[in-house]
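# Structural overview
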Amino acid sequence: MVFSFRKILIFGVIFLSLVLINQVSLGEKFSIEEDVLEVNFLDVGQGDAILINYQNKYQILVDSGISNKNILDELQKVMPAQDRQIEIVIVTHYDKDHVGGMRAVLENYKTRLFLDNGQFKKTESTTVVSDLIEKQKIENYAINEYSKIKIGEDLLLDFFNPDGEDWEANDNSIVFRMDFGENSFLFTGDAGFKTENDMINDQHNLDVDWLKVAHHGSKNSSGESFLKKVIPQKAVISVGKNSYGHPTEEVFDRLDSVGAETFTTLEDGLIQVNCRKDEECLLQIN
Ligand SMILES: [Zn+2]
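## Overview of the overall build of the chain
Each helix and strand counted, the chain has 9 helices and 15 strands in total. Evaluated residue by residue, the chain yields a buried proportion of 47% over its 286 residues. A separation of at least 24 residues holds for 66% of the contacts in the chain among residues at least 6 apart in sequence.

## Considerations on the environment of Cys275
With respect to the helices and strands, Cys275 occurs in strand β14 (residues 271-276). Spatially, the C-alpha atom of Cys275 lies 9.3 Å from that of Gly181, the residues being 94 residues apart in sequence. Discounting residues that sit within four places of it in the chain, Cys275 has contacts with Val36, Leu37, Phe180, Asn183 and Cys281.

## Some points on helix α6 (residues 193-201)
Those residues of α6 lying buried are Thr195, Glu196, Asp198 and Met199. What you see down the axis of α6 is that its buried residues fit within an arc of 165°, all on one side. On the buried face of α6, the contacting elements are β8 (155-161), β9 (175-180) and α7 (224-230). Once α6 ends, the next one or two residues include Gln203, with phi positive near 55°.

## Focus: unusual backbone geometry
Excluding glycine, a negative phi dihedral is what most residues carry, and trans is how most peptide bonds are arranged. Residue Asn161 is joined to Pro162 through a cis peptide bond whose omega torsion reads 15°. Considering the arrangement of structural elements, one finds Pro162 in the loop between β8 and β9. Note the cis peptide between His246 and Pro247, where omega equals -10°. A positive phi angle, close to 55°, is found at Lys137, a residue other than glycine. Note on placement: Lys137 falls in the loop between α5 (124-135) and β7 (139-151). Overall, the presence of 8 C-beta atoms within 10 Å leaves Lys137 in the exposed class. If you check the backbone angles, Gln203 has positive phi at about 55° while not being a glycine.

## Observations concerning α5
Each turn of an α-helix holds 3.6 residues, which means side chains three or four residues apart point in the same direction. With 12 residues, α5 should reach 16 Å at 1.5 Å per residue; the first-to-last C-alpha distance of 17 Å fits that figure. Within α5, burial applies to Thr126, Val129 and Ile133. Along the long axis of α5, the arc covered by the buried residues comes to 50°, so they all point the same way. Turned more than 90 degrees away from the buried face of α5, the exposed residues are Glu124, Thr127 and Lys135.

Conventions adopted
- Residues numbered from 1 in each chain as written.
- Predicted model: local features only at pLDDT ≥ 70, side-chain atom pairs only at ≥ 80, totals over all residues.
- Helix = DSSP H or I, 4+ residues; strand = E, 2+ residues; numbered from the N terminus.
- Buried ≥ 20, exposed ≤ 12 C-beta atoms within 10 Å, placed from the backbone.
- Contact = placed C-beta atoms within 7 Å.
- Arc of directions from axis to C-beta.
- Expected span 1.5 Å × (residues − 1).

So this is what it looks like as structure tokens:
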């Protein structure tokens, strides 16, 4: 069983060897024009799936939505042509609306590194995933509160959660900040008030430009004190048709009161954010 003994990732310059190889063989590709970041909030229905594409070369997938079909359809729209490799797959937690499409991801894209919150939940579909990780010998780590990953020169992922193995799945979601030049993002999984207060108490730097709103806009996340620390300019809610009442008016109001402009994949479909290092990111809605 692949998850019986897990190493915790503390700090990784993940692509050092890859970057060095590329600098030798593809040196001219590291020109300023290539130093771009694209963040795609995929329209996978109810659930989360975000593809981060750095330099059109390194992809990070955060969650896989609820179904194998939806994630494949969406990945086809945003993956660079001919690129069949995703460098990092992150599972924020093992609820079905975050890991339900993971089998298709691992079967169709070569994954270099698989990261989770260290809280594997055994179900029929997640067992398939852990079997694939074992069979394909994918390097895998559990993330903790102080993990960091640097990719190339300019992309830094700084993890603020999970905090404890005994926390309930949503509150144990992987939460991380991503910095690219002057641009910053916060990805929150399905974390609720408990996680938000913990991150405030631990004095993590929560102030970002772009917020992936937690838990599909649930009223039990995105509290006022948390949003006052984040003060996002733009907020994105990954959400589809559902019976939970997501996203809630309370969360729209709270985001509005801190001056954030809010978008949802339910209303807007695929949401793409295009960034250059020292310019404000541009929003593209298809
Ligand atoms: Zn969820």
